[in-house]
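Topology and contacts: notes
Listed below, chain by chain, are the residues.
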Amino acid sequence: MPSLINQTNSLENTWQTISDYNEALPEGNILVAAQYWLDNQVALCERGNVSIIISGDTDLDALGAHLNKFEVIAVSFPAFADGRGYSQARLLKERYNYQGEIRAIGDVLLDQLHFMKRCGFDTFDLKDGLEAEKALQFFDTFSDPYQLAYDVKTPLFRRKA
Amino acid sequence: MYIYDNYDQRIVDERVAQFKNQTERYLAGELSEEQFLPLRLQNGLYVQRYAPMLRVAVPYGLLSSEQVRKLAHIARTYDKGYAHISTRTNVQFNWPELKDVPEILAELATVQMHAIQTSGNCIRNTTTDQFAGVTPNELLDARPYCEIIRQWSTFHPEFAFLPRKFKIAVNSHITDDRAATMLHDIGIKIVKNDSGEIGFAVYVGGGLGRTPIVASLVKEFLPEKDLLTYLDAVLRVYNLNGRRDNKYKARIKILVKALGVEAFAEKVDAEWQHLKDGPGTLTQEEIDRIKGHFTAPNYETLDASCEILNKQLSENKAFSNWYQRNVSEHKINGYAIVTLTLKKLGTPPGDITDKQLDVVADLADRYSFGEVRNTHEQNIVLADVKQDQLFELWQEAKAGGFATPNLGLLTDMICCPGGDFCALANAKSIPVAEALQAKFDDLDYLHDLGEIDLNISGCMNACGHHHIGHIGVLGVDKKGEEFYQVSLGGDSGPDATIGKILGPSFAREQMPEVIGKVLDIYVDLRIDGERFIDTYRRVGHSIFKERVYAKSN
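No experiment lies behind these values; they were computed from the predicted model shown.

1. What to know about the domain arrangement of chain B
Residues and elements named next belong to chain B. Segmenting chain B into domains produces domain 1 (6-109), domain 2 (127-293), domain 3 (307-400) and domain 4 (414-549). Computed over C-alpha atoms only, the centres of domain 2 and domain 4 are separated by 30 Å. In this complex, domain 2 contributes twelve residues to the contact, which on the side of domain 4 involves 13 residues. Carbon and sulfur atoms supply 72% of the area buried between domain 2 and domain 4, which totals about 1100 Å² over both sides. Connecting domain 2 to domain 4 are one residue pair in polar contact (both at pLDDT 80 or more). Classifying every residue of the side of domain 2 that touches domain 4 by side-chain character gives seven nonpolar, two polar and three charged.

What follows is the structure in structure tokens.
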């Protein structure tokens, strides 16, 4: 069972990820690829309850004006070693001023949670087999980081002063 | 040197706890081999041919005697009694047990040391001139900037999973470059602009490996306070745009080449405009705080010329040879910089025993204010030795086995661990180094040859920096047999140059003879006072090629 968490709790996942676009879209909240949304935005806006999935090569500029329409933006990690999602998340919140929920999906492992939190991720769809309860301990690995990021807005040298 | 405050110490302590937990989960089967791999790598832990190799970070090469003693203790207790100085000025242990690594890290943390980001696809140890702060002709001490970069890069949440490893070097010397700055992902040269303000010339996209490239200038003058916001911009552009489909094309140099330097620089600048003058901007207080850790020790006021030393030099030829080669000019009158060479016949370059480490710590305490520096050429420096103590120090260093007077000479080679230890290597490198050390052991001949950088790598990854050796040797695999390719004309200095391949490769047993031929050609063609590299540049590559491959009559 995949488990969804935020930084403190287990959550119910109310969003369904769409991977096969040839079939009719199911009922309820759906996450579709950003490009699919751009190509079908009129119909999808009419449908409602649609949010997008961003991957490492998604051009955020192309989505810029639309971003705050989405309740959730899922940033996908095709492999945990693909670190583009960290920059994408920071850009979404810090550059594009995205106000909604950023969700990490894909190869989301325990030892990455701390970094993800720091970059602005709100929720984490853990990879199959990982326990939510255990994962919740991984957000506080480091208490006082050197750098500024989304979670801590100033570097340590300004906080210390 | 930089001394941790409570914040720094807590970060390292938390890392120890984190890695302990990761290792336990791995040993319990909760983390797969694949999942544990980047975690252990980011902690400097490789799985090598025979045992894991642990690489301990030595930020910009600087160590206290207390830290050196701890390394000696670790070599003795958890390893086979020796350590290895790497070309990133780090220290490697080749034989620890995985289960002991958390304990080793805990021990290191007690002396403000760690293995954070010494491997993996993240920002690695920042290096600089091993003579920083004590050499004449430097603009200013580069080490505080290295420390600022160290802190910024430590657990940077956005850049822990880059396309590939990332190395930064800082140089502040006006005419020289002892840190191979131009062969780094980012090379930073400290400069002054016309108004006398300190800043940085930023070069990006240098590197060795399969595609050796000299870095390109992307920012002519970056104001001091903007260092970290600009680095953030470079790294973000790289993280988002660097190739991830092919690990041999994933370094930033490939991105810079693909986009073109100008387009790359524009992209970085566009990103930087958003970060510039933001909270990441350095404050003068912080720069001053860090600089406050790198103040001069209590130097005595001494004469520039030391009578006792002059007498000792004139009376002892061996001492004088060592002084000529291994002692460098210090910016303070009456002091000298001493390099202890780890390139003795019969010892792999850069290897040092636990006993030697203890001796180094003692020498540092007694002769050099308790500080030691590792060099990227795999030697050890005592940076602040009084001239009238050089003779005494030399005698002790000799007894310790690291006073071979060959600094900068042919036998002061850079050599990677090679096929004897490394799982990636195509060929062994240490036996080649040993064969060359054995053939060229006549010191008078070596001194006559003068300065020659000979670098040996066991594979394309170029850990032995073969591309930038005046003479480079690369181990290659030919149908399962080990062969060696020779290149000439490489240079790691301010005029960084990638060496040119001489021709078809040679069998291992031919290597001493081949290098001998190259040296004979140099000796034959040189004009008085010319170094090997000068002669090579003057007469050109083809003469060497023709003569080395000429059929003997």
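2. Points about empty space enclosed by the protein
One pass over the full model with this rule turns up eight cavities of 30 Å³ or more. As for the largest cavity, its lining consists of 17 residues, and the residues nearest its centre are A:Tyr146, A:Pro155, A:Phe157, B:Trp152 and B:Leu228. Counted by class, the lining of the largest cavity contains nine nonpolar, four polar and four charged residues. What the second largest cavity holds in volume is close to 100 Å³. Its residues placed into classes, the lining of the second largest cavity shows four nonpolar, seven polar and two charged.

3. Overview of the interface of chain B and chain A
Each partner contributes to the interface: chain B provides 46 residues, whereas chain A provides 37 residues. Across the chain B/chain A interface, buried area totals approximately 3600 Å², and carbon plus sulfur atoms make up 59% of it. For chain B, the biggest contributors to the area lost against chain A are B:Pro157, B:Phe161 and B:Leu240; these three give 20% of the whole. Taken together, the links from chain B to chain A amount to seven salt bridges. Across the chain B-chain A interface, the total number found is 21 residue pairs in polar contact (both at pLDDT 80 or more). Of all the elements in the fold, those that place two or more residues in the side of chain B that touches chain A are helix 1 (6-27), helix 2 (33-41), helix 5 (143-153), helix 6 (227-241), helix 8 (261-275) and helix 9 (284-291) of chain B. Counting residues per element, the side of chain B that touches chain A draws most heavily on helix 1 of chain B, at ten residues.

4. Thoughts on the packing of helix 3 (residues 65-78) of chain B against helix 4 (residues 101-109) of chain B
All names here are of chain B. For the pair helix 3 and helix 4, the least separation of the axes is 10 Å and the interaxial angle reads 160 degrees. By the angle between their axes, helix 3 is roughly antiparallel relative to helix 4. In this structure, helix 3 meets helix 4 at a crossing whose hand is right-handed. Contacts between helix 3 and helix 4 involve Lys70, Leu71, His73, Ile74 and Tyr78 from the former and Glu103, Ile104, Glu107 and Leu108 from the latter. Of the residues that constitute the contact of helix 3 with helix 4, the class distribution is five nonpolar, one polar and three charged.

5. Side note on the layout of surface pockets
Residue and element names in this part refer to chain B. Put simply, the second largest pocket is a space of about 850 Å³. Along its surface, the second largest pocket is lined by 38 residues, and Asp176, Arg178, Glu377, Gly408 and Glu451 are the ones closest to its centre. Secondary structure elements with two or more residues in the lining of the second largest pocket: helix 11 (317-326), strand 11 (327-329), strand 12 (335-340) and strand 17 (454-457). Per-element accounting of the lining of the second largest pocket gives the leading share, three residues, to strand 11.

6. Concerning the nonpolar core
Core analysis: the biggest nonpolar cluster contains 157 residues, and A:Ile52, A:Leu113, B:Ile186, B:Leu227 and B:Phe264 have the highest contact counts within it. The biggest single contributor to this core is helix 6 of chain B, with ten residues. With residues up to four places along the chain from it excluded, the contact list for B:Leu227 reads B:Tyr145, B:Ile148, B:Ile149, B:Ile188, B:Phe200, B:Leu222 and B:Leu282. In this structure, B:Met413, B:Phe421, B:Leu436 and B:Ile515 belong to the second largest nonpolar core, which totals 37 residues.

7. Digging into the sheet that holds strand 3 (residues 15-17) of chain A
Residues and elements named next belong to chain A. Across the sheet, eight strands lie side by side as 2-1-8-7-6-5-4-3; this open sheet has mixed pairing. Edge positions in the open sheet fall to strand 2 (10-11) and strand 3, since each of these has one partner strand only. With three bridges joining them, strand 5 (residues 50-54) and strand 6 (residues 72-77) adopt parallel strand pairing. Bridged to Ile53 within strand 6 is Ala74.

8. Regarding the sheet that holds strand 14 (residues 371-374) of chain B
All names here are of chain B. What the five strands build is an open sheet, ordered 3-14-15-12-11; its pairing is antiparallel. Each end of this open sheet is capped by a strand with a single partner; those strands are strand 3 (62-64) and strand 11. Along the sheet, successive strands turn relative to each other by an average axial angle of 35 degrees, direction set aside. In terms of strand pairing, strand 12 meets strand 15 (residues 380-386) through five bridges, oriented antiparallel.

9. Side note on the packing of helix 6 of chain B against helix 8 of chain B
All names here are of chain B. At their nearest, the axes of helix 6 and helix 8 sit 8 Å apart, and the two run at 125 degrees to each other. With respect to helix 8, the element helix 6 is oriented oblique. The interaxial crossing formed by helix 6 with helix 8 has right-handed handedness. Residues Thr229, Tyr230, Asp232, Ala233, Val234, Arg236, Val237 and Asn241 of helix 6 form the contact with helix 8, whose own contacting residues are Phe264, Lys267, Val268, Asp269, Glu271, Trp272 and Leu275.

10. Brief notes about the side chain of B:Asp384
Residue and element names in this part refer to chain B. Its place among the elements puts Asp384 in strand 15. No salt bridge is formed by the buried Asp384; the nearest opposite charge belongs to Arg373, separated by 5.1 Å. For Asp384, the side chain forms a polar contact with the side chain of Tyr299, separated by 2.4 Å. If we ignore the near neighbours within four places in the chain, the residues touching Asp384 are Val134, Pro297, Tyr299, His330, Tyr335, Ala336, Tyr367, Ser368 and Phe369.

11. Notes on the pairing of strand 18 (residues 471-478) of chain B
Looking along a regular strand, one sees the side chains alternate between the two faces of the sheet. Residues and elements named next belong to chain B. With six of eight residues buried, strand 18 lies mostly within the body of the structure. In this sheet, strand 18 lies alongside strand 17 in parallel orientation, the contact comprising four bridges. In the strand pairing of strand 18, Leu454 is matched with Ile471. Between the end of strand 18 and the start of strand 19 (residues 481-488), which pair antiparallel, lie two residues, with Lys479 showing a positive phi angle near 50 degrees.

Cut-offs applied
- Residues numbered from 1 in each chain as written.
- Chains lettered and ligands numbered in written order.
- Predicted model: local features only at pLDDT ≥ 70, side-chain atom pairs only at ≥ 80, totals over all residues.
- Heavy atoms only, no water.
- Domains from an automatic or database assignment.
- Contact = heavy atoms within 4.5 Å.
- Buried area = accessible area lost by both parts, 1.4 Å probe.
- Polar contact = N/O pair within 3.5 Å; in protein donor to acceptor, adjacent residues only side chain to side chain.
- Nonpolar A, V, L, I, M, F, W, Y, C, P; charged D, E, K, R; others polar.
- 1 Å grid on protein atoms, 1.4 Å probe; cavity = no way out; pocket = protein on both sides within 12 Å on 5 of 7 lines; lining within 4 Å.
- Points joined across faces, edges and corners; volume = space filled by probe spheres on them.
- Salt bridge = Lys/Arg side-chain N within 4 Å of Asp/Glu carboxyl O.
- Helix = DSSP H or I, 4+ residues; strand = E, 2+ residues; numbered from the N terminus.
- Axes fitted to C-alpha atoms, helices over the stretch in contact; angles between N-to-C directions.
- Parallel < 35°, antiparallel > 145°, perpendicular 65-115°, else oblique.
- Left-handed = near helix turned anticlockwise from the far one by under 90°.
- Core = buried A, V, L, I, M, F, W, Y, C linked by side-chain atoms within 4.5 Å.
- Buried < 20%, exposed > 50% of the residue type's maximum accessible area, 1.4 Å probe, protein only.
- Pairing = 2+ DSSP bridges.
- Lys, Arg positive; Asp, Glu negative; His and termini not counted.

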